[in-house]
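Topology and contacts: notes
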Amino acid sequence: MAAVTSQVSAPRRLLSELSGVARSREAVIVVAFLAVVAATTARNPAFVFSSDGWRDLLISPSILILIAAGQAMVVITRNIDLSVGSILGLTAYLAGRLLTDIPGIPIVAVFVIGTLAGVGLGLINAILIARFRLPALVVTLGTLYVFRGIDVLWAGATRIFPKDLPQEFLDLGTGQLMTIPYLTIIALVVVTGVWWYLKNTRAGRESYAVGSDPLAAVLHGLPSSRRIMVALVASGALAGFAGVLYLARYASADSQVGVGWELQSVAAVVVGGVAIFGGSGSVWGAAVGAVLLLTINRALPVVGVPDFWQRAVVGVLILAAIAADRYLLLRRARRPQTVRDTTSDRVAVND
Amino acid sequence: MTEQLLTQSPPEVAYPSHFKPLWRRTLLTHEGIVILLLGVVIVLASLLVPRFATPITLTFLLIDITPILLIALPMTLVIIVAEIDLSVASIFGLGSVSLGILFQAGVPIELAMIAAVAICAAAGAFNGFLISTVGLGSLPVTVGTLALYRGLAVGLLGTTAITSFPVEWTKLAQANVGQSGVPLVVLPTMVMIAIFVVVLHFTPFGRSLFAIGASAEAAHFSGVNVRRTKVILFIVSGAVAGLAGVFYTLRFGNAIGSNGLGIELAIIAAVVLGGVSIFGGRGTIVGAVAGVLLIGVLASALRLAKVPASTIDVITGVVLVLSAFTAIASRGFASRRRSPGRGEGAASAAKSGESGK
C-alpha cells in the first residue's frame, strides 16, 4: 500500500484525495443540503438573503448538532444513548433555576455546572453499560424515563421566563460575530474537536475498532470499557452543555424541553452516514445530517408543502439515507480485492 | 461394567437447570419475579391506597392499558428475533386517522375498521420488506418509518379531529361485561394473548423465533426461512398496532394525527421489564403481559395515592434498569460456574460489546 502511494505523483495524489472527499458519504449530504437551500431560495430569496433567514439557517440546527456529535461518538462504539433528550431538558431547567435563584451568578459558572451535571448523568449511563455490561438500549431507555421524571418532579408546572434571565446570558443565544451566530461557532468548534479526537488520537481510533468488532477489540487488548465510557460521558456532557445553550437560545424552559430529541439525534446520525452497528461514520456526517434535517423542516412551508407533512419527508429522507448506505456497501463488496487495495476507497473500519 | 453404566445417572451437564428444584426453576425466573412483584404491588395498593380496590379503578385500569397490552404481544415476538419496531406508535396513529377519514368519506364503519387495520398491516409489511428483503437494520428503518407514518397521519388530517363516530360503536368500546366492572374489550384481548402464547410457545413457528434470536445464521442453516418469518412478524406488528389504534379511536370517539404519540418507548420498556431479552432469543408472552400490567397497576395506584404522575416515570426507569441486572446476574453466575478462570472476563466483555442492539 505504501509502495503504491509513493509511486503516485503529488498532484495526482491530491486529485485522488479530492475525489475521495467528493465521493465521501458526507459530501452526498452536503450536496443534498445545498440542493434544498437552492430550491427554497429560488422560491423565496429571503430564505438565505435576509438577515433573519441567514441567521435562522445557521442557528436552528446548532443545538441538535451538539447532541448529534455526542450521539455519533456513542453509536460509533456500537452503543446508543436514548437519554440525551432528558439530559438536555434537565440541564436547561437547572441552568434556569441557577440564574433565577442565585442573582449575579457568573454565566461561565452556569455553563460549567450544566456541563458537569451532564457529565454526572452520562456517567450513570456509562457505569451501568460499560462497568456492569448492561445493554445500552435498555439502560438509556430507563434513564430517559428517570431523568425526565426527575425534571418533571422538580419543575412541575413552573417555567423559566425570559424576564428572570440576565440579558448578557440571552445575548449569547442570539448574538453573532460577523453575521455568524455564536451558537453556530460553538457548534463548529465542538464538532471539529470531537472529529479531531476520533480521527487522530489513539483513543479515537480505538473507539472505531471497538464498534467495528467488539470481540476482536477485546482480544486485541484494547480498553473497550473505557472507550465506551468516554463516549457515553462525552454524550452526557454535550447534552448538558446543549441544555444551557437551549435556555440561552429560547429564553424559556419547562419540564418538556428536549422531549423526542433522542430520536431526532439518532435520525441525524443515521442520515449523516454513521452506521448504527458501529465502527464507521464521522462526526461531520452527523452534524451535516442534523443541519439537513432541520433545514428541510424549515424549507417545506416555503416551497409550498404544508408543514404537517414535514415528518413524512424526514422519514423518507432517513430511509433513503440508510438504503443508499446499503447500496454503496454492497457495490464496494462486489468490486475485486485488487481494485479495493489500490484505490483510496475507504475501508469499512475507516471514517 | 454394563451394570455400572446402567446405574449411572443420566449426563448431568446436558440439563444443568434441572438440578434446581422445580419451585426455583419456575419462581426464580425473570418472569416469576415480575409476576411476584405485580402481586405484591396489587396487595399493597389494595391495602394502602384508598379506592384502589374498587370496580371503577379496575375498569379504567384495564381499558387504559389495553392498547399497550395489545401492541406488546407482537413486540415481544419482534424482540425475540433480535429486531425492534419503533414505528408501532406511528402506525397506531395512522390506523386511527385512516379509520376517521374513511368513515367520514362515507365508508361503512365496519369496512372502515377492516381497511384501517389492512393499511396498518401494509405499513408493517413495508417495514418487513426494508428489513428482510433489502437487508437494512430494524432500528434505523423503524426510526425512519416512525417519522414517515406519523407524518402521514398528521399530514392527512392536519389539525382537525374527526369525532362523529356511530354511538353504538363508541359505546361498545367502553362497555362492560354485564353488570361487572370488567370492560368488554378484555375478552378479545384475552383471546389475543392466548393466541400469542400458543403461537410462541407451542408451535414450530414459535420455536423458530427463539432459534432466529439466538443465531439467525444457525436458524437459516437448520431450515428456518428467516426472511419470511421476519416479514410476517412486522406485518403482524403493524396489524395489531392498527387494531389498537382503531379501538383507541372508538373508545375516545376521536381520530387525530397525534394519537398514541410516543408510546413506542413505553411499550418496549414494559416488554423488556417482563424479561424479554433485548438481544433476542429469550422471553415469554406471560412475562411481557406481566410487565405491562406491573407498570399499569403502579401508575394507577400512584395516581390514586396523589403521588405526582412523573414519579411513575422514575420508577419505570429504575425498575427497567434493575430488570436488566437480573439477566446479567444469572449470566455472570452461569459463566462463573462453567469456567472458574480468567476466561469469564473476556467472555462477558465480548458480550457487552454487543450492547445497544
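Residues numbered from 1 in each chain as written. Chains lettered and ligands numbered in written order. Predicted model: local features only at pLDDT ≥ 70, side-chain atom pairs only at ≥ 80, totals over all residues.

**Things to note about the overall build of chain B**
- Helix and strand counts for chain B come out as 16 helices and 0 strands.
- A burial count over chain B gives 47% of its 357 residues as buried. (Helix = DSSP H or I, 4+ residues; strand = E, 2+ residues; numbered from the N terminus. Buried ≥ 20, exposed ≤ 12 C-beta atoms within 10 Å, placed from the backbone.)

**Let's talk about the overall build of chain A**
- Counting its secondary structure elements, chain A contains 17 helices and 2 strands.
- For chain A, buried positions account for 50% of its 351 residues.
- Considering only contacts in chain A between residues 6 or more positions apart, those separated by 24 or more positions represent 79%. (Contact = placed C-beta atoms within 7 Å.)

**Here we look at helix α5 (residues 62-76) of chain A**
All names here are of chain A.
- In this model, α5 (15 residues) spans 21 Å end to end at C-alpha, consistent with the 21 Å of a helix rising 1.5 Å per residue.
- Among the 15 residues in α5, 15 count as buried, and that is most of the element.
- Two residues or fewer past α5, Arg-78 is found with a positive phi of approximately 60°. (Expected span 1.5 Å × (residues − 1).)

**Observations concerning unusual backbone geometry**
- For Arg-78 of chain A, which is not glycine, the phi torsion reads 60° and is therefore positive.
- Considering the arrangement of structural elements, one finds Arg-78 of chain A in the loop between α5 and α6 (84-101).
- Overall, Arg-78 of chain A belongs to the buried group, with 27 C-beta atoms counted inside 10 Å.
- Despite not being glycine, Lys-306 of chain B has its phi angle at roughly 60°, a positive value.
- Relative to the helices and strands, Lys-306 of chain B resides in the loop between α14 (285-304) and α15 (311-338).
- The exposure class assigned to Lys-306 of chain B is exposed, which follows from the 8 C-beta atoms found within 10 Å.

**Description of the environment of Ser-300 of chain B**
- Secondary-structure assignment places Ser-300 of chain B in helix α14.
- Those residues in contact with Ser-300 of chain B, other than ones at most four positions away along the chain, are Thr-57 and Leu-61 of chain B.

**Quick look at the packing of helix α4 (residues 55-80) of chain B against helix α13 (residues 263-273) of chain B**
All names here are of chain B.
- Interaxial distance between α4 and α13 falls to 9 Å at its minimum, and their mutual angle equals 65°. One way to sum up the angle between α4 and α13 is to call them roughly perpendicular. Here the hand of the crossing between α4 and α13 comes out right-handed. Two secondary-structure elements touch here, α4 through Ile-68, Ile-71, Ala-72, Met-75, Thr-76 and Ile-79 and α13 through Ile-263, Ala-266, Ile-267, Ile-268, Ala-270 and Val-271.
- Of the residues that constitute the contact of α4 with α13, the class distribution is 11 nonpolar, 1 polar and no charged. (Axes fitted to C-alpha atoms, helices over the stretch in contact; angles between N-to-C directions. Parallel < 35°, antiparallel > 145°, perpendicular 65-115°, else oblique. Left-handed = near helix turned anticlockwise from the far one by under 90°. Nonpolar A, V, L, I, M, F, W, Y, C, P; charged D, E, K, R; others polar.)

**Here we look at the interface of chain B and chain A**
- Chain B puts 51 residues into the contact, and the matching count from chain A is 51 residues.
- At the level of secondary structure, the elements contributing two or more residues to the side of chain B that touches chain A comprise α7 (138-157), α13, α15 and α16 (343-353) of chain B.
- A per-class count over the side of chain B that touches chain A returns 29 nonpolar, 17 polar and 5 charged.

**Description of the confidence of the model for chain A**
All names here are of chain A.
- Averaged over chain A, the pLDDT score is 83; the fraction of residues at 70 or greater is 89%.
- When pLDDT is averaged over each helix and strand of chain A, the minimum, 47, is found for helix α1 (residues 2-7) and the maximum, 93, for α5.
- A low-confidence stretch, residues 343-351 stays under pLDDT 50, and its non-local contacts, those more than four residues away or across chains, total 19 contacts. (pLDDT = per-residue confidence, 0-100.)

**Details of the packing of helix α11 (residues 202-212) of chain A against helix α13 (residues 224-250) of chain A**
Residue and element names in this part refer to chain A.
- Look at α11 against α13: their axes get within 9 Å of each other, and the N-to-C directions meet at 105°. Overall, the two elements α11 and α13 adopt an arrangement that is roughly perpendicular. Seen from α11, the contacting residues are Ala-203, Glu-206, Ser-207 and Val-210; seen from α13, they are Ser-224, Arg-227, Ile-228, Val-230 and Ala-231.
- A breakdown of the residues in the contact of α11 with α13 according to their chemical character gives 5 nonpolar, 2 polar and 2 charged.

**What about the confidence of the model for chain B?**
All names here are of chain B.
- Of the residues in chain B, 83% have a pLDDT of 70 or more, and the chain-wide mean is 83.
- Every residue in residues 332-357 is under pLDDT 50, and counting partners more than four places away or in other chains gives 36 contacts.
- In the model output, the complex is listed with pTM 0.81 alongside ipTM 0.77.

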